[in-house]
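Fold and geometry: a report
Listed here are the chains, written in short residue letters.
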Amino acid sequence: MGLGEWHWFSTESMTTQVELELWSEDLAQAQQAKQAVFEVFAEVNERMSAYNEASELSELNRMADKQAVLVSSSLLDVVKKSLALSRLSQGAFDVTFGSVGFLYDYRAGTQPDDQMISSQLPSIDYRTVLVDDKARTIRYSRPGVRVGLGGIAKGYAVDLAIGELKRIGVQNARVSAGGDMRLLGDRRGRPWIVGIRDPRSPKDSKTEHAVALPLVDTAVSTSGDYERYFIDEQGRRIHHILSPQTGRPVGGIQSVTILGNETLDTDGLSTAVFVLGVEKGLALIDSLTGFDAIIIDANRKMHYSQGLAPPP
């Protein structure tokens, strides 16, 4: 056995940078881990990307309002989890947000007008997504519905990646994809230090953190109004976290960070809490076991769930 060292790898996948950091005493094991993790992200992207017309999700969105569509077990699992979260948050997280979301182009800086939104808004309703577990099919009960997994698929991929690392025998690692991260073990006797970004720090800044947390074996997801956005002609920040009620970007919050055990949960919950707002969002997290939240509101004030609240 060698002395071992930290290995760091990165790639582009799922429209973001994926990073893998791991400790290994064997270079071959580290390379095997890299390949397994990056293959997970490529496969999930291939199935669940709304930007890829050939993806399984795109095919589902084209066909499911006409007939029940047979889907893979992985897509079925993620849609079912999304529907459970939609119910838990009473529609604040709505897996059908893509029914309006596809009208926004953040790279081009374009957004739909009121008429376009009002014509599509009735199609945002998670209750129109009908799952048949036994047949492994999904059907939409009204036309115009589009499922979007942008708020949960990366978290799913991160969890699968951690599962691959465990299978290979890695005991200390970090996998991150955009705002989603999961820590396996600790940092060789010390906790991982995870910085939560200041939502108004420059985009290329790696050092400006609102808070830093010492963490072990934890999933962390952050949703922010700085991830995908543009400033419109009225000077408004048009970002990708949309209200299912209005089809417009949610105001009142700059970022939400959720801590939990699995990124599949924390990813979706960070979006749900962002939409719910500070008071209702914290109430939801405090009602659940095993989750905590840090919210930075529009006035840059920080709010903590009960498990993280500093002593008075």
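Summarised in this report is the structure supplied together with it. (Residues numbered from 1 in each chain as written. Predicted model: local features only at pLDDT ≥ 70, side-chain atom pairs only at ≥ 80, totals over all residues. Heavy atoms only, no water.)

1. Description of the overall build of the protein
A count of helices and strands for the protein gives 8 helices and 15 strands. A compact globule built from 312 residues should have a C-alpha radius of gyration of about 20 Å, and the protein, at 20 Å, falls within 12% of that. Per-residue burial for the protein yields a buried fraction of 52% across its 312 residues. Once local pairs closer than 6 in sequence are excluded, the contacts in the protein between residues at least 24 apart make up 59%. For the protein, the accessible surface area stands at approximately 15,100 Å², while carbon and sulfur atoms represent 48% of it. Averaging the coordinates of the 33 positive side-chain charges in the protein and doing the same for the 40 negative ones gives two points 2 Å apart. (Helix = DSSP H or I, 4+ residues; strand = E, 2+ residues; numbered from the N terminus. Rg over C-alpha atoms; globule rule 2.2 N^0.38 Å. Buried < 20%, exposed > 50% of the residue type's maximum accessible area, 1.4 Å probe, protein only. Contact = heavy atoms within 4.5 Å. Areas by Shrake-Rupley, 256 points an atom, 1.4 Å probe, with all protein chains shown as cover. Lys, Arg positive; Asp, Glu negative; His and termini not counted. Charge placed at Lys NZ, Arg CZ, Asp CG, Glu CD.)

2. Here we look at the nonpolar core
Counting residues in each nonpolar core, the largest one holds 66 residues, and the members touching the most others are Leu-22, Phe-41, Leu-60, Leu-149 and Leu-165. The biggest single contributor to this core is helix 1 (residues 27-48), with 9 residues. Here Leu-22 is in contact with Glu-5, Trp-6, His-7, Phe-9, Ala-30, Ala-33, Leu-165, Val-170, Asn-172 and Ala-173, once residues within four sequence places are set aside. Within the second largest apolar cluster, 11 residues are counted, among which are Trp-192, Val-211, Leu-215 and Ile-294. (Core = buried A, V, L, I, M, F, W, Y, C linked by side-chain atoms within 4.5 Å.)

3. Topic: the environment of Gly-307
As for its placement among the helices and strands, Gly-307 is situated in the segment after strand 15 (302-304). Considered as a pair, Gly-307 and Gly-290 are 17 residues apart in the sequence and their alpha carbons are 9.1 Å apart.

4. Remarks on unusual backbone geometry
At Gln-90, a residue that is not glycine, the phi angle is positive and equals roughly 50°. Position of Gln-90 among the secondary structure elements: in the loop between helix 3 (73-88) and helix 4 (98-101). The phi dihedral of Asp-217 falls on the positive side, at around 45°, and the residue is not glycine. With respect to the secondary-structure elements, Asp-217 resides in the loop between strand 9 (209-215) and strand 10 (219-224).

5. Here we look at the pattern of salt bridges
Opposite charge on two side chains lets them pair, provided their charged atoms get close. One pass over the full model with this rule turns up 18 salt bridges. For the salt bridge of Arg-174 with Glu-21, the shortest nitrogen-to-oxygen distance reads 3.1 Å. With Arg-174 in strand 6 (residues 173-177) and Glu-21 in strand 2 (residues 16-24), this pair connects stretches of sequence that are 153 residues apart. The pair Arg-174 / Glu-21 is uniform in exposure class, with both members buried. Residue Asp-232 is joined to Arg-236 by a salt bridge in which the shortest nitrogen-to-oxygen separation is 2.7 Å. Using a relative accessible area of 10% as the deciding quantity, one classes Asp-232 as buried. Here the salt bridges do not stand alone but share partners, grouping Glu-19, Glu-21, Arg-174 and Arg-187 into one network. (Salt bridge = Lys/Arg side-chain N within 4 Å of Asp/Glu carboxyl O.)

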